[in-house]
Amino acid sequence: MKITLDQVSKRFQQHWIFKNISYSFVQGNGYALLGANGSGKSTLLRVIAGMQSASKGKVLFTDDNDKAVTTNQIFSKIGFSAPGQEIVEELTMREFLDFHFSFKRPLNNLRIDDIINLTGLQSAADKPIGDYSSGMKQRVKLAQAIFSDTPILMLDEPCTNLDQAGVEQYREWIETYAANRLILVASNDVREYFFCREKITLENFK
Ligand SMILES: Nc1ncnc2c1ncn2[C@@H]1O[C@H](COP(=O)(O)OP(=O)(O)OP(=O)(O)O)[C@@H](O)[C@H]1O
């Protein structure tokens, strides 16, 4: 998989957030989207994922044979996690993961129980997510993204609300499960993008 940005720009009302980003993201590489608060990292991630439209320019997904991936197929190619992402709080983690993995195949044929064990939240697995702490919710958000069998992984501030053990777990998950994927991380924290060889600074596109 490859993602190509051609002059991608975004504005809200009259205010341009970023302008004319042209870039190619290729599978097997990690890319950090860096910049100050409000510089547009999360917005860029959402525009690339197709959750918001670009005001100008194009985002193109192509497969390994250089064929364009259609808009309908893109959802199944992306694992996505963001602090503001909605998760259904009335569901237990087990129900939420069952639901999520009815749309996306689990990585390495992991079973729901395996994924629950990986989060370390076994004792809370049958409690409603609404009762979880913010760090526990963040582990669930990361798990549904990282353990989806998708060539692309988009992580917005992946260590938000995580304690030291959670940050260490994130590092292990990336080292074990992220090889060969195309990873975009929107971040201001090197613990989140330690593995990214490429860095894109949003301030360069104002
Ligand atoms: N839906 C929206 N309507 C209007 N303005 C918006 C909207 N979403 C974001 N913005 C504005 O766009 C700018 C970029 O926001 P964004 O959340 O992408 O920044 P960020 O770099 O991810 O910030 P942070 O580091 O604080 O997470 C901000 O000025 C924000 O107020």
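Above this note sits the structure.
Report follows, based on the coordinates. The model shown is predicted, which means the values in this text are computed figures rather than measured ones. Residues take numbers from 1 onward in each chain, read along the sequence in its written order. Under the rules for a predicted model, residues below a pLDDT of 70 receive no local features and side-chain atom pairs below 80 are neither given nor counted, while totals for whole chains, interfaces and linings still include all residues.

### Digging into the site of the ligand
By convention here, the C-beta atom is placed from the backbone, and a residue is near a molecule or strand when that atom is within 6 Å of it. As a structural note, the neighbourhood of the ligand is formed by F12, I17, G35, N37, G38, S39, G40, K41, S42, T43, A186 and N188. Strands here mean DSSP runs of E at least two residues long; helices mean DSSP runs of H or I at least four residues long; both are numbered from the N terminus. Per element, the largest residue contribution to the shell around the ligand is 3 residues, and it comes from helix 1 (residues 41-49).

### Here we look at helix 4 (residues 112-119)
Because an α-helix completes one turn every 3.6 residues, residues spaced three or four positions apart along the sequence face the same direction. Along helix 4, the residues classified as buried are I115, I116, L118 and T119. Each buried residue of helix 4 lies within a common arc of 160 degrees when the element is viewed along its axis, so the set occupies one face. Residues of helix 4 that are buried sit in contact with helix 3 (93-100) and helix 5 (134-146). In the segment just after helix 4, G120 is the residue with positive phi, at about 75 degrees. Exposure criterion: with C-beta atoms placed from backbone coordinates, a residue whose C-beta has 20 or more other C-beta atoms within 10 Å is buried, one with 12 or fewer is exposed, and one in between is partly exposed. The directions considered for the arc are those from the helix axis to the C-beta atoms. Working definition of a contact: two residues with C-beta atoms, positioned from the backbone, lying within 7 Å.

### Observations concerning helix 5
Between its first and last C-alpha, helix 5 extends 18 Å over 13 residues, near the 18 Å set by a 1.5 Å rise per residue. The buried fraction of helix 5 amounts to 11 of the 13 residues, a majority that puts the element mostly inside the structure. When helix 5 is considered as a whole, its buried residues turn out to be M136, K137, Q138, R139, V140, K141, L142, A143, Q144, A145 and I146. The inward-facing, buried residues of helix 5 abut strand 5 (78-81), helix 3, helix 4, strand 6 (152-156) and helix 6 (164-177). In this analysis, the expected span of each helix is defined as 1.5 Å times one less than the number of residues it contains.

### Examining the sheet that holds strand 4 (residues 56-62)
Spatial ordering of the open sheet is given by 2-1-4, a layout of 3 strands whose pairing is antiparallel. Here the strands that pair on one side only, and so sit at the sheet edges, are strand 2 (15-26) and strand 4. Strand-to-strand twist across the sheet, computed as the mean angle between neighbouring axes with direction ignored, equals 15 degrees. Here, strands pair whenever DSSP counts at least two bridges between them. Sheet topology places strand 1 (residues 2-12) next to strand 4; 6 bridges connect them, and they run antiparallel. For L5, the partnering residue across the bridge sits in strand 4 and is V59. Between N-to-C directions, angles span 0 to 180 degrees; the directions come from axes that are lines fitted to C-alpha atoms, helices contributing only their stretch in contact.

### A few points about the sheet that holds strand 8 (residues 198-201)
Judged by pairing direction, the sheet is parallel, and its 5 strands sit side by side in the order 5-6-7-3-8 without closing on themselves. One side of each edge strand has no neighbouring strand; the edge strands of this open sheet are strand 5 and strand 8. Neighbouring strand axes in the sheet, compared pairwise and without regard to direction, differ in orientation by 15 degrees on average. As judged from the 4 bridges shared by strand 3 (residues 30-34) and strand 7 (residues 182-186), these two strands associate in the parallel manner. Following the sheet pairing, A32 is matched in strand 7 by V185. Most of the contacts of helix 1 go to strand 7, to which it runs at about 150 degrees, and overall it touches strand 3, strand 5, strand 6 and strand 7. Relative to strand 5, helix 5 is tilted by about 170 degrees, and along the sheet it contacts strand 5 and strand 6.

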